[in-house]
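Overview (structure and organization)
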Amino acid sequence: MHEAEIFLNAHGRTMIGWDEILEGGVSDKASIMSWRGLEGGIAAARSGHEVVMTPISHCYLNFYQSKNRDAEPFSFDGYVPLSNSYAIPVVPETLTPEEAKYIKGCQANLWAEYITSPQQAEWMLLPRLAAICEAQWMSKEARNYEAFLERLPYLTSYYEVLGYHYSNKRE
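Here we summarise the structure given alongside this text. Computed from a prediction, not measured in an experiment: that's the story for all the values here. (Residues numbered from 1 in each chain as written. Predicted model: local features only at pLDDT ≥ 70, side-chain atom pairs only at ≥ 80, totals over all residues. Heavy atoms only, no water.)

Once that is clear, we can look at the nonpolar core. One finds Ile21, Val26, Val51, Ile88, Leu95, Ile103 and Cys106 to be the most contacted residues of the largest nonpolar core, which totals 20 residues. Listed by contribution, the elements that provide at least two residues to this core are α2 (39-46), β3 (51-53), β6 (103-106) and α7 (128-137). Element by element, the count of residues in this core is highest for α2, at 3 residues. (Core = buried A, V, L, I, M, F, W, Y, C linked by side-chain atoms within 4.5 Å. Buried < 20%, exposed > 50% of the residue type's maximum accessible area, 1.4 Å probe, protein only. Helix = DSSP H or I, 4+ residues; strand = E, 2+ residues; numbered from the N terminus.)

As structure tokens, this is what we get:
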């Protein structure tokens, strides 16, 4: 990791890597993508690394949206309901204000190994992507999942006008 980082820095680039790179002792210049949970992002922010939160429990939109897997397209063996996506702690509460400034935001992921069509990709993304966007844009105190669900029919009406395929799973 050190050699790769030296090479990137020498060419005007900055290293970004999944949270595993923290185990190799990268410099403070490297940015971290915290996917295995919140812990990697917390540790990275406390060490002065810029962080993009993308925990598997909230942001992996290639997982099932419902406990009834038979009602969904075949997918990765995981479960991320709409409520989890909305509840992402973009800035974990355990960070001090000084540490929190290293959190740059969050990222949704859609790994496509089992995606067989653009329509299926839309179905996996929507409306969970909207939930993650709202969670990132709003403070934790301002978020209200019930209010999000009340507004959701307006959003899905736009999906329908645009011909998008979306999930109606609300578990």
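What follows covers the packing of α7 against helix α8 (residues 145-162). Between α7 and α8, the shortest axis-to-axis distance is 11 Å and the interhelical angle comes to 125 degrees. In terms of orientation, α7 lies oblique with respect to α8. At the point where α7 passes α8, the crossing takes the right-handed sense. In this structure, α7 uses Ala130, Ala131 and Glu134 to contact α8, whose residues at the interface are Phe148, Arg151, Leu155 and Tyr159. (Axes fitted to C-alpha atoms, helices over the stretch in contact; angles between N-to-C directions. Parallel < 35°, antiparallel > 145°, perpendicular 65-115°, else oblique. Left-handed = near helix turned anticlockwise from the far one by under 90°. Contact = heavy atoms within 4.5 Å.)

This part is about the sheet that holds strand β1 (residues 16-18). Spatially, 4 strands are ordered β1-β2-β3-β6 in an open sheet, and the strand pairing comes out parallel. Where the open sheet ends on each side, the last strands, each with one partner, are β1 and β6. Averaged over all neighbouring strand pairs, the angle between strand axes comes to 20 degrees, with direction disregarded. Here 3 bridges tie strand β2 (residues 31-34) to β3, and the two strands are oriented parallel to one another. The partner of Ile32 across the bridge, within β3, is Val51. The sheet strands contacting α2 are β2, β3 and β6, and the helix crosses β3 at an angle near 160 degrees. (Pairing = 2+ DSSP bridges.)

The subject of this paragraph is a nonpolar patch on the surface. Among the surface-exposed residues, Tyr158, Val161, Leu162 and Tyr164 lie close enough to one another that they form a single nonpolar patch of about 480 Å² accessible area. Relative to the assigned elements, Tyr158 resides in helix α8. (Patch = residues over 30% accessible without salt bridge, like charges linked within 9 Å, V, L, I, M, F, W, Y side chains within 5 Å. Areas by Shrake-Rupley, 256 points an atom, 1.4 Å probe, with all protein chains shown as cover. Salt bridge = Lys/Arg side-chain N within 4 Å of Asp/Glu carboxyl O.)

The next thing to look at is the side chain of Lys169. Mapping Lys169 onto the fold places it in the segment after α8. No salt bridge forms around the buried Lys169; measuring N to O, its nearest opposite-charge neighbour Glu72 is 5.9 Å away. Lys169 has contacts with Gln65, Ser66, Ala71, Glu72, Leu82 and Trp123, leaving out every residue within four places of it along the chain. (Lys, Arg positive; Asp, Glu negative; His and termini not counted.)

Fair warning: the whole summary comes from geometry, so function is off the table for now.
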